[in-house]
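# Geometric and topological summary
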Amino acid sequence: MSANEPVLPQGAGYGVVVGIGLFFSAFMLGLTAIQARYTGFSPKNSEEFNSASRSVKPGLIASGIVSAWTWAATLLQSSAVAYKDGISGPWWYGSGATVQVLLFAQLAAKLKLNAPHAHTWLEIVAARWGTVAHLVFMFFGLATNIIVSSMLILGGSATVNALTGMNTIAACFLIPLGVAIYVVVGGMRATLLCDYTHTTVLFAIIFVFVFTVYATSDKIGSFSAMHDLLTKASEAAPVAGNAHGSYLTMRSKNGLIFGVINVIGNFATVFQDQAYWQRAIASRPATCVKAYLLGGIAWFAIPFMFSTTLGLSAVALRGDPAMRTLTPADVSAGLPASAAAAALLGKSGAAALLIVLFLAVTSATSAELIAVSSILTYDVYKRYFNPRATEGQILKVSHAMVALFAIVMGILGLIFFYIGISMGWLYEFMGVVLGSAVVPIAMCITWSKANKWGSIGGAIAGFCAGLVAWLVTTSALNGGELTVTTTGGDLEMLAGNLASIGVGGIVTVATSLIWPDNFDFEATRAINRASPETDSTDISPRSASIDDTVSEKKHVPADVSLEPVISARAAAEEEERELDPIALKKSFRIAAWSSVILTLVMLILIPLPLFFAQTVYGVGGLTAWVVIGMIWAFCSAIAVVLYPLWESRAALGLISRGIVKDIFTRGSGKFVEKPVHPSA
């Protein structure tokens, strides 16, 4: 069999895509049944379906963040960058997409402080700036979801096709439709639990590849062998822009350019993607900052170790009889990882990569489905068509929108496939059209002086500037030729990305400094606030001014109760206790300092000195580089696989006792809400 032919039979592709999809649908049904019987949470409640009653603990939120942020591109594009640029690629991919999640911790804290009951970030925009701003930023929000979803489907279908020969069109539709089934069944909480299982399997398979490549493989099997093979590869085909043409250096011009593009593009896809706001909304107020910091740091290890393993292996095995010959189109489609996995472990390697990729695609797809469903339900249906929608109507529309967007995702993947747009092209392009809205959105929720029209104008002007800079640079560098290939160049994409986020940010900040607003966030705190009859005792502390002179003291500010929260009513009561303005302002300060320091370390203090040093690493340097990554990956696995189990031990114990009671005394294990005792 030629190395360029699919390693697995076509039936394996359909088996994974359809079979695992149905398995998780059945798994979700089981989780939903357990949730309904042994806890007080019901996915038939729209608040539980869309936001998990805002009661999820930090470990599970962190695991959900890791899962939602692990796209097809996380595994495929990171390996493609490592294949092209060497060891700098994994660092710039990982750090360039980690800092946004870390910095988002600040927005998560401000969300709990300034709009604790919002369902979407667009509700905040509408409450502060009105309908025009709501519609403008809805364009950017939905465009983000469309581009991210298209990348997921393109990357997933291309790899399934490469490994199994499965029809690409079938893969484009079957992947999202299978996910839609379990999202509709379970809602946000059960989706987070499925994300947890995905993350667990993902780390297990990454460790299999890591130890295979650096310890047991007869093709590589050690750090010194990897170093020798990479050295030979660079001698045979030096890497343009790298120190001495080597793969073993951080001095990579193209790696640095990709890093800048990566940072800008991913700001857009985090700050404007409802999927990340959704997890902040679902999180408990006292621990949302912890969840995002933990999730961001843990996520870094996934693309870094995956691409340092399979991306570099694809280079090292160039010329091996079992290794697929990779064309530039294959690299842009993200195929170095699948080629390396198949060359290293044959059918078992291809099957492992197929499973891990499918889980990554489905978990990120589930996040996009429920995110778009929330926007279409609350920001389109409820705001413009049925402001008095009942609980039942909202839930029906939420379900319908999940199904609708699943079909749209398949159509989008099909369109981009036929016009020749790859996952890699879309990945670098996203910042060109989305970057302009990053600063206005961040300012909307964090800065009282942000000017409405300046922010709207900044987003639109940056969008136009990004497109113009991208096309003009492409034309200038390619003799006026505008094609998919020429527009996808690094410098061309860099120009568009910088112009988009730069112009959007400058216009927004400049107009806000010249014509500042004086917004007190009362309108955003009132979003979906409970009526005075049911919540009169809790509204006043949050309705009052929350500047530095706030003096209200609660008995235990923002402390997390050790008792398991296993009902919607208990979750609401716990949320009110944790919505302490003083504690939330403290959380914001912690988020600001922590995220800014970590960002400086990951983007400046570590990579730039290594870039300017022009060092080409020997065996010892490569060994240290990989071992540090392995330790980081183990710590990440502990944080998002073991820690969620530990923090939920009490709730798991209660559910287990309920199941045991049902087994031995039928009917006695069902959860019964304790009666409310009036507070003193």
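Thresholds, definitions, all that
For every chain, the first residue of the written sequence is number 1, and numbering continues from 1 onward in sequence order. In keeping with the model being predicted, local features are shown solely for residues with a pLDDT of at least 70 and side-chain atom pairs are shown and tallied solely at 80 or more, while totals for entire chains, interfaces and linings include all residues. Note that the side-chain values use all heavy atoms of the structure and ignore hydrogens as well as water. Comment: elements are numbered from the N terminus, with helices defined as DSSP H or I runs of at least four residues and strands as E runs of at least two. Relative accessibility under 20% of the residue-type maximum defines a buried residue, over 50% an exposed one, and the middle range a partly exposed one, all with a 1.4 Å probe and only protein chains included. By definition, residues are in contact when any of their heavy atoms lie within 4.5 Å. Throughout, the Shrake-Rupley method with a 1.4 Å probe supplies accessible areas, and for residues the shown protein chains are the sole cover considered. Each patch is assembled from residues with relative accessible area greater than 30% and no salt bridge, linking like charges that lie within 9 Å and nonpolar side chains (Val, Leu, Ile, Met, Phe, Trp, Tyr) that lie within 5 Å. One side-chain nitrogen of Lys or Arg within 4 Å of one carboxyl oxygen of Asp or Glu is enough to make a salt bridge. Working rule for helices: expected span equals 1.5 Å times residues minus one. In this analysis, rings of Phe, Tyr and Trp, with Trp reduced to its six-membered ring, are considered paired at centre separations within 6.5 Å, and the interplanar angle assigns stacked below 30 degrees, edge-to-face beyond 60, and tilted for intermediate values. As used in this record, nonpolar core signifies buried Ala, Val, Leu, Ile, Met, Phe, Trp, Tyr and Cys residues forming a set joined through side-chain atoms within 4.5 Å. Lines fitted to C-alpha atoms define the axes here, with helix axes fitted over just the stretch in contact, and angles between the N-to-C directions of these axes take values from 0 to 180 degrees. Should an angle fall under 35 degrees it is called roughly parallel, over 145 degrees roughly antiparallel, and 65 to 115 degrees roughly perpendicular, with every other angle called oblique. Amino acids outside the nonpolar list (Ala, Val, Leu, Ile, Met, Phe, Trp, Tyr, Cys, Pro) and the charged list (Asp, Glu, Lys, Arg) are all regarded as polar, and Gly is one of them. Across the chain, each position has a pLDDT score giving the predictor's confidence in that residue, from 0 to 100.

## Things to note about the overall build of the chain
Helix and strand counts for the chain come out as 27 helices and 0 strands. Taken over 680 residues, the chain has a buried fraction of 60%. Sequence-distant contacts, at least 24 apart, represent 84% of the contacts inside the chain between residues at least 6 apart. Total accessible area on the chain is roughly 24700 Å²; 69% of this is exposed by carbon and sulfur atoms.

## Here's the deal with a nonpolar patch on the surface
There is a patch of nonpolar side chains on the surface, built from Ile 34, Ile 659, Val 660, Ile 663 and Phe 664 and spanning about 480 Å² of accessible area. Take Ile 663: it is sitting in helix α27 (residues 649–664). Ile 663 gets classed as exposed once you look at its relative accessible area, which sits at 60%.

## Notes on helix α4 (residues 72–85)
A rise of 1.5 Å per residue sets the reference length of α4, with its 14 residues, at 20 Å; its end C-alpha atoms lie 19 Å apart and thus fit the reference within 8%. For α4, a buried count of 13 out of 14 residues is recorded, marking the element as mostly surrounded by other parts of the structure.

## Concerning unusual backbone geometry
Positive phi values are uncommon outside glycine, yet His 244 reaches one of about 60°. By the secondary structure assignment, His 244 is in the loop between α9 (223–236) and α10 (253–271). A residue is classified by how much of its surface remains accessible, and His 244, at 72% relative accessible area, is exposed. Although it is not a glycine, Gln 614 sits at a positive phi angle of roughly 60°. Locating Gln 614 in the fold gives a position in the loop between α25 (607–613) and α26 (619–647).

## Brief notes about the packing of aromatic side chains
Tallying each qualifying case throughout the model produces 36 aromatic pairs. Ring plane angle 70° and centroid distance 6.0 Å describe the contact between Phe 104 and Phe 271, whose orientation is recorded as edge-to-face. Pair noted here: Phe 104 is in helix α5 (residues 88–114) and Phe 271 is in helix α10, with a separation of 167 residues, a long-range link. Look at Phe 258 and Tyr 427: their rings are 6.2 Å apart centre to centre, the planes differ by 15°, and that puts the pair in the stacked class.

## Considering the nonpolar core
With 204 residues, the main nonpolar core has Trp 71 and Phe 137 as its most contacted residues. In contact with Phe 137, not counting residues within four places along its chain, are Trp 121, Leu 122, Val 125, Trp 129, Ala 437, Pro 440, Ile 441, Ser 455, Ile 456 and Ala 459.

## Re the packing of α4 against helix α16 (residues 423–434)
With their axes 10 Å apart at the nearest point, α4 and α16 run at an angle of 100° to one another. Looking at the two axes, α4 sits roughly perpendicular to α16. Here α4 contributes Ala 72, Ala 73, Leu 76 and Gln 77 to the contact with α16, which in turn contributes Met 423, Gly 424 and Tyr 427. Residue classes in the contact of α4 with α16 are distributed as 5 nonpolar, 2 polar and no charged.

## What to know about the confidence of the model for the chain
On average, the chain scores 83 in pLDDT, and the residues at 70 or more come to 88%. Counting contacts from residues 533–563, a segment whose pLDDT is below 50, to residues more than four positions away or on other chains yields 54 contacts.

## Details of the packing of α16 against helix α20 (residues 490–514)
Viewed as axis vectors pointing N to C, α16 and α20 meet at an angle of 30°, and their least axial separation amounts to 7 Å. It follows that α16 is roughly parallel to α20 by the angle criterion. On α20, the residues touching Trp 425, Glu 428, Phe 429, Gly 431 and Val 432 of α16 are Asp 490, Met 493, Gly 496, Asn 497 and Ser 500. Within the contact of α16 with α20, the residues separate by chemical class into 4 nonpolar, 4 polar and 2 charged.

## Concerning the side chain of Ser 149
As for its position among the elements, Ser 149 is in helix α7 (residues 131–164). Apart from residues lying up to four places away in sequence, Ser 149 is in contact with Glu 368, Phe 405 and Met 409.

## Overview of the environment of Trp 277
Locating Trp 277 in the fold gives a position in helix α11 (residues 274–282). Taking the C-alpha atoms as reference points, Trp 277 and Ala 118, separated by 159 residues in sequence, lie 9.9 Å from one another. Residues contacting Trp 277, with those up to four places away along its chain left out, are Phe 104, Leu 107, Leu 111, Trp 121, Val 270, Phe 271, Tyr 292, Ile 441 and Ile 445.

## Some remarks on the environment of Thr 159
Structurally, Thr 159 can be placed in helix α7. Sequence spacing of Thr 159 and Gly 334 is 175 residues, and the spatial spacing of their C-alpha atoms is 7.7 Å. Discounting chain neighbours no more than four positions away, the residues touching Thr 159 are Leu 76, Leu 335, Ser 338, Leu 353 and Leu 357.

## Quick look at helix α1 (residues 10–38)
Look at α1: 41 Å from first C-alpha to last across 29 residues, which is about the 42 Å you get at 1.5 Å a residue. All buried positions along α1 are accounted for by Gly 13, Val 16, Val 17, Ile 20, Gly 21, Phe 24, Ser 25, Met 28, Leu 31, Thr 32, Gln 35 and Tyr 38.

## Comments concerning the environment of Val 361
Structurally, the position occupied by Val 361 is in helix α14 (residues 336–385). Residue classification places Val 361 among the buried positions, given a relative accessible area of 1%. Through-space distance from the C-alpha of Val 361 to that of Gly 155 is 8.4 Å; in sequence the pair is 206 residues apart.

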